[in-house]
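Coordinates in review
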Amino acid sequence: MSKLISGLAKLFVLLAVLGALAYAAVLYWDKIMELLCKVKSALSEKRFCCCDEESEDYAD
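An account of the accompanying structure is given in this report. Here the structure is a predicted model, which is why all the values come from computation and not from measurement.

Attention now moves to the overall build of the protein chain. Counting its regular elements, the protein chain contains two helices and zero strands. Sorting the 60 residues of the protein chain into buried and exposed places 0% on the buried side. Split by element, the accessible area of the protein chain, about 5800 Å² in all, is 69% carbon and sulfur.

Written as structure tokens, this is what we have:
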């Protein structure tokens, strides 16, 4: 009986943690997307910057 109660307690804790993560994701969705856009633009600028430097080397 104690194993059943222990298993149910772990299940409820897991569900509570997953619920809190989902709530935080919904609450901060705009900030998360803004951060992802900044990272994406920074990576694309760095990639283009590297390509531009290489093309300048071949211009001579």
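Still more ground to cover, so stick around.
What follows covers a nonpolar patch on the surface. Taken together, the side chains of Met1, Leu4, Ile5, Leu8, Leu11, Phe12, Val13, Leu14, Leu15, Val17, Leu18 and Leu21 present a nonpolar region at the surface, about 1200 Å² in accessible area. Turning to its location among the elements, Phe12 is positioned in helix H1 (residues 2–27).

Rules used throughout
- Residues numbered from 1 in each chain as written.
- Predicted model: local features only at pLDDT ≥ 70, side-chain atom pairs only at ≥ 80, totals over all residues.
- Heavy atoms only, no water.
- Helix = DSSP H or I, 4+ residues; strand = E, 2+ residues; numbered from the N terminus.
- Buried < 20%, exposed > 50% of the residue type's maximum accessible area, 1.4 Å probe, protein only.
- Areas by Shrake-Rupley, 256 points an atom, 1.4 Å probe, with all protein chains shown as cover.
- Patch = residues over 30% accessible without salt bridge, like charges linked within 9 Å, V, L, I, M, F, W, Y side chains within 5 Å.
- Salt bridge = Lys/Arg side-chain N within 4 Å of Asp/Glu carboxyl O.

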